[in-house]
Amino acid sequence: MKRSPSPKKTALLALAVAALLPLTGCADASGAKPEEQTFAFSGTTLDVKAHGNPTDLIPADRTDVKVTRWFDTGAQVGSKKLSWTLDDGVLDLHAGCTGLADCEARFRVEVPRNVAVTRDGRATDLKG
């Protein structure tokens with residue numbers, strides 16, 4: 001008579017597979033389809049919070065703030081967390097995953113030339 005694996009062994013095997021799953025598909029934002037969002041803006045200072053994601057800050061001949069996001073997930077056990085808001089002079093850009101996942105994001109932010117820009121409250125020279 002053949003014995004079934006114990007529940008403990010089955011659980012350990014499932015955990016090992018879940019831990020290795022992100023390694024099977026690497027995220028690459030460079031090939032992702034860009035998404036764009038434009039925000040009305042009338043302030044003189046913009047603080048960009050990108051939470052560690054690469055972000056190019058570009059001075060542009062415009063009166064609003066335009067954000068382009070590239071986001072890709074590889075193997076994913078969990079969910080993606082994406083948001084972008086502009087409130088009280090703070091542009092908050094979130095792009096990541098929860099759970100066991102491989103995610104990559106990149107942003108480009110076009111800002112009116114006459115606006116002073118900071119990254120996480122620190123001065124910047126509008127470069128990536």
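Everything numeric here is computed off the predicted structure, so don't read it as measured data.

**Side note on the confidence of the model for the chain**
- Here the chain averages 81 in pLDDT, and 73% of its residues register 70 or above.
- Of all helices and strands in the chain, the one with the weakest mean pLDDT is helix H1 (residues 7-20) (54), whereas strand E1 (residues 35-39) scores best (97).

**Some words on the packing of aromatic side chains**
- Overall, the coordinates contain zero aromatic pairs when judged by the stated rule.
- A cation over a ring is seen here: Arg-69 above Trp-84, with NZ or CZ 3.9 Å from the ring centre.

**Quick word on the pattern of salt bridges**
- For the coordinates displayed, the defined rule picks out nine salt bridges.
- The closest approach of N and O atoms between Lys-66 and Glu-36, which form a salt bridge, is 3.5 Å. One end of the pair, Lys-66, is in strand E4 (residues 65-87); the other, Glu-36, is in strand E1, with 30 residues separating them in the sequence.
- Judged by its relative accessible area of 19%, Lys-66 falls in the buried class.
- Looking at Glu-36, the relative accessible area reads 51%, which means it is exposed.

Conventions adopted
Residues numbered from 1 in each chain as written. Predicted model: local features only at pLDDT ≥ 70, side-chain atom pairs only at ≥ 80, totals over all residues. Heavy atoms only, no water. pLDDT = per-residue confidence, 0-100. Helix = DSSP H or I, 4+ residues; strand = E, 2+ residues; numbered from the N terminus. Phe/Tyr/Trp six-rings, centres within 6.5 Å; stacked < 30°, edge-to-face > 60°. Lys NZ or Arg CZ within 6 Å of the ring centre and 35° of its normal. Salt bridge = Lys/Arg side-chain N within 4 Å of Asp/Glu carboxyl O. Buried < 20%, exposed > 50% of the residue type's maximum accessible area, 1.4 Å probe, protein only.

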